[in-house]
Amino acid sequence: MYRRDGLLSVSIIDGKKILILKGDKSTGKTSTLLRVCSIFQGVADESLVDRYNEYTQDCHGRFIFGSKVVCICTAGDNSEEMEDNLDFISKNNAHIGIVALSSSGRKNKSEKA
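Right, let's walk through the structure included here. Predicted model only: the values in this text are computed from it and were never measured. (Residues numbered from 1 in each chain as written. Predicted model: local features only at pLDDT ≥ 70, side-chain atom pairs only at ≥ 80, totals over all residues. Heavy atoms only, no water.)

Description of the pattern of salt bridges
Then, number 1: Enumeration according to the criterion identifies one salt bridge in this entry.
Then, number 2: A salt bridge links Glu46 to Arg62, with the nearest nitrogen and oxygen atoms 3.0 Å apart. With a gap of 16 residues between them, Glu46 in strand S4 (residues 46-53) and Arg62 in strand S5 (residues 58-65) connect regions that are remote in the sequence. (Salt bridge = Lys/Arg side-chain N within 4 Å of Asp/Glu carboxyl O. Helix = DSSP H or I, 4+ residues; strand = E, 2+ residues; numbered from the N terminus.)

Rendered as structure tokens:
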């Protein structure tokens, strides 16, 4: 199943709903998702945010609301980062995953932008 509204797409991958925030580099995807993480940290029953890249501010976040798990992943410039995001969502048994996807990024880390 796939639905697209402007720059927000919704896909079902391995039975999980994945919301994809897509856009060119430097258009605010990461900062928007970091704001969502901040809001979720204030209202979730349990939260964990790992800012694994201080330079880009990219992070993985897991938020528990009752029995539901939501994961947010801000990196998405290449296919390796997207695979990492989907692994994080799967390992945390998330019901919903929210990821950023750069429409102008590299296909993999070894390619020059």
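Some remarks on the pairing of strand S7 (residues 96-102)
Then, number 1: Burial within S7 is extensive, with five of its seven residues counted as buried.
Then, number 2: In the sheet, strand S3 (residues 16-23) pairs with S7 via seven bridges, with the strands oriented parallel. Across the sheet, the residue bridging to Ile18 is Gly97, located in S7.
Then, number 3: Regarding the hand of the β-α-β motif, the stretch spanning strand S6 (residues 68-73), helix H2 (residues 79-91) and S7 is right-handed. (Buried < 20%, exposed > 50% of the residue type's maximum accessible area, 1.4 Å probe, protein only. Pairing = 2+ DSSP bridges. Right-handed = clockwise from strand over helix to strand, strands pointing away.)

With respect to helix H1 (residues 29-43)
Then, number 1: With 15 residues, H1 should reach 21 Å at 1.5 Å per residue; the first-to-last C-alpha distance of 21 Å fits that figure.
Then, number 2: Those residues of H1 that fall on the buried side of the exposure criterion are Lys29, Leu33, Leu34, Cys37 and Phe40. Angular distribution of buried residues about the axis of H1 spans 125 degrees; they occupy a single face of the element. Exposed and facing more than 90 degrees away from the buried side of H1 are Arg35, Ile39, Gly42 and Val43.
Then, number 3: Buried residues belonging to H1 abut S3, S4, S5, S6 and S7. (Expected span 1.5 Å × (residues − 1). Arc of directions from axis to C-beta. Contact = heavy atoms within 4.5 Å.)

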